[in-house]
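# Structural overview
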Amino acid sequence: MLIINDKERRRSVRLLAVVTILLIMLAFPAYFWMKDTNHYLAQRSKARMSPVIMIPGSSATKNRFDQMVTLLNKDTSHKHSLLKMEVYNDGKITYTGKIIQGDNEPIIVVGFQNNHDGYDNIKKQAKMFDAAFSELIDQYKFNNFKAFGHSNGGLIWTLWLEKYYSQYSDYVKIKRLMTVGSPFNLNESSTKNPTQMYTYFLKHKNKLPSSLDVYSVSGADTYTEDGIVKLGSVRAGRYIYQKQVKHYTEMTVTGSKAQHSSLPQNRQIIRLIEEYLLDSDQQNAINPKAKKTSHDSSLQNQ
């Protein structure tokens, strides 16, 4: 027969009390963490904001799309707010402008202190953009967004989607991406001469979100380029995005202001943004009879 004396009994009681206290101390933080997490996710699930986030090309600043936004706002009774962010090399992020209360589709432009060309800089800019994006979703708690990139901006988006987006994909959905004059193979016009960056894009294309609609727009100032970017380099994007995303559409803009630096202000580009990038309710505010369509094959706008 097992006999437990008073000393051992008191020791067992003390041990049980200590364990109980420790469990309670651990349970309280876990409870409040779960409560805060559920509240945060509930806020995000109810969020109505669906911003359009824009990234300019090399040598361009956060002010690159000012004229574009002005033209967009002239076409619709719904005025898009304009918030501009600049990410500095030391990690500092500054804001200009604001998102007006009640605006569910603001335009957010992210520029960089390091806005230089070249693959090494594009990798740095993608990392800098990731810091800005993380700050944006913490502050505004949106659960979906649309993306626009001019020139190297489209390359930054592509690299970010392949390398960084997976950490957000469970609770923030990218709906559509429009790239304009983006040289996916840099200065090479043929995919037979793949650059280091293009090789990386191809290698990691399986990480692109399968639900994404992508519109790749090229300018044609001549038959082979927009004055700076070769058409072959823009069209190399099809081998990155096709069969990886939901829809991939190529479009070509010709005529006046089809030169590379003029594309963001090109009226055809403005119409393409209104028709394909903005949400359908905003499109209906522009033209109540308009019906948005999607295409998988090449579309020429001339």
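Throughout, residues of each chain are indexed from 1 in the direction in which the sequence is written. Totals for whole chains, interfaces and linings use all residues, but because this is a predicted model, local features are given only for residues with pLDDT of at least 70 and pairs of side-chain atoms are given and counted only at 80 or more. Where side-chain values are given, they derive from all heavy atoms of the structure, hydrogens and water being excluded.

## Observations regarding the side chain of E162
Rule in force here: Helix and strand labels come from DSSP, where a helix needs a run of H or I of at least four residues and a strand needs a run of E of at least two; each type is numbered from the N terminus. A 1.4 Å probe rolled over the protein chains alone gives each residue an accessible area, and that area as a share of the maximum for its type sets the label: buried under 20%, exposed over 50%, partly exposed in between. Just so you know, the count uses Lys and Arg for positive and Asp and Glu for negative, and it drops His and the chain ends. What makes a salt bridge here is a side-chain nitrogen of Lys or Arg within 4 Å of a carboxyl oxygen of Asp or Glu, nothing more.
Positionally, E162 belongs in helix α4 (residues 152-163). No salt bridge forms around the buried E162; measuring N to O, its nearest opposite-charge neighbour K207 is 7.8 Å away.

## Looking at the confidence of the model for the protein
This is how the line gets drawn: The predictor reports its confidence for every residue as pLDDT, a score running from 0 up to 100. Contact between two residues is taken to exist if any of their heavy atoms lie within 4.5 Å; hydrogens are not considered.
When the pLDDT values of the protein are averaged, the result is 86; 83% of them are 70 or greater. Here residues 282-302 scores under 50 on pLDDT; set against residues more than four positions off or in separate chains, the count is 53 contacts.

## Side note on the packing of helix α3 (residues 119-140) against α4
Our working rule: Note on method: axes are straight lines fitted to C-alpha atoms, helices fitted across the in-contact stretch only, with angles between N-to-C directions ranging 0 to 180 degrees. Small angles under 35 degrees read as roughly parallel and large ones over 145 as roughly antiparallel, with 65 to 115 read as roughly perpendicular and the rest as oblique. With the far helix as reference, a near helix turned anticlockwise by less than a right angle produces a left-handed crossing, and one turned clockwise produces a right-handed crossing.
Running from amino to carboxyl end, α3 crosses α4 at an angle of 70°, the nearest separation of the two axes being 9 Å. Judged by the inter-axis angle, α3 sits roughly perpendicular to α4. Crossing of α3 against α4: the hand is right-handed. The residues of α4 that touch α3, namely those facing I122, K123, Q125, A126, F129, D130 and F133, are N152, L155, I156, W157, L159 and W160.

## Let's talk about unusual backbone geometry
Although it is not a glycine, K141 sits at a positive phi angle of roughly 55°. Among the structural elements, K141 can be located in the loop between α3 and β5 (144-150). Despite not being glycine, L186 shows a phi value in the positive range, around 55°. In this structure, L186 sits in the loop between β6 (173-180) and α5 (196-203).

## Topic: the pairing of β5
Rules: By the convention used here, strands pair only if DSSP detects at least 2 bridges between them. Orienting the strands away from the viewer, one traces the path from the first strand over the helix to the second; a clockwise path indicates a right-handed crossover.
Of all seven residues making up β5, seven are buried, and the element is well covered by its neighbours. Side chains N144, K146, F148 and H150 project from β5 onto one buried face, and the interleaved F145, A147 and G149 project onto a second face that is buried too. As paired elements, strand β1 (residues 52-55) and β5 share four bridges and run parallel to each other. Bridge pairing in β5 places V52 opposite K146. In the classification by handedness, the crossover that spans β5, the intervening α4 and the parallel β6 is right-handed.

## Things to note about the nonpolar core
Let me state the cut-off plainly: Side-chain atoms within 4.5 Å link the members of a nonpolar core, which is a set of buried Ala, Val, Leu, Ile, Met, Phe, Trp, Tyr and Cys residues.
Counting residues in each nonpolar core, the largest one holds 47 residues, and the members touching the most others are I53, F129, F133, F145, W160 and Y241. Leaving out residues up to four positions away in the same chain, Y241 has contacts with T158, L161, L177, F184, L208, V214 and Y248. Counting residues in hydrophobic clusters, the runner-up holds 24 residues, among them V52, M68, Y215 and L272.

## Regarding helix α2 (residues 66-74)
For α2, the full list of buried residues reads M68, V69, L71, L72 and N73. On its buried face, α2 is in contact with β1, β2 (82-87), β4 (107-112), β5 and α8 (267-277).

## Thoughts on the packing of aromatic side chains
To be explicit about the condition: Any Phe, Tyr or Trp ring, taking Trp's six-membered ring, that has another such ring centre within 6.5 Å forms a pair; planes under 30 degrees apart are called stacked, those over 60 apart edge-to-face, and the others tilted. In this scheme, the term charge over a ring applies when either NZ of a lysine or CZ of an arginine sits within 6 Å of the ring centre and within 35 degrees of the ring normal.
For the structure shown, the criterion picks out 17 aromatic pairs. Centre to centre, the rings of F65 and F148 are 5.6 Å apart; their planes meet at 85°, and the pair counts as edge-to-face. Placement of F65 in the loop between β1 and α2 and of F148 in strand β5 is noted, with a sequence separation of 83 residues between them. Overall, F65 belongs to the buried group, its relative accessible area being 0%. Under the relative-accessibility criterion, F148 is labelled buried at 0%. Measuring from centroid to centroid gives 6.0 Å for W160 and Y168, while their planes differ by 25°, and the two rings are stacked. Here W160 and Y168 have matching classes, each one buried. Ring pairs connect the aromatic residues F129, F133, F142, F145, W157, W160, Y165 and Y168, which therefore count as one cluster. Positioned over the ring face of Y88 is K92, at 5.8 Å from the centre of the ring.

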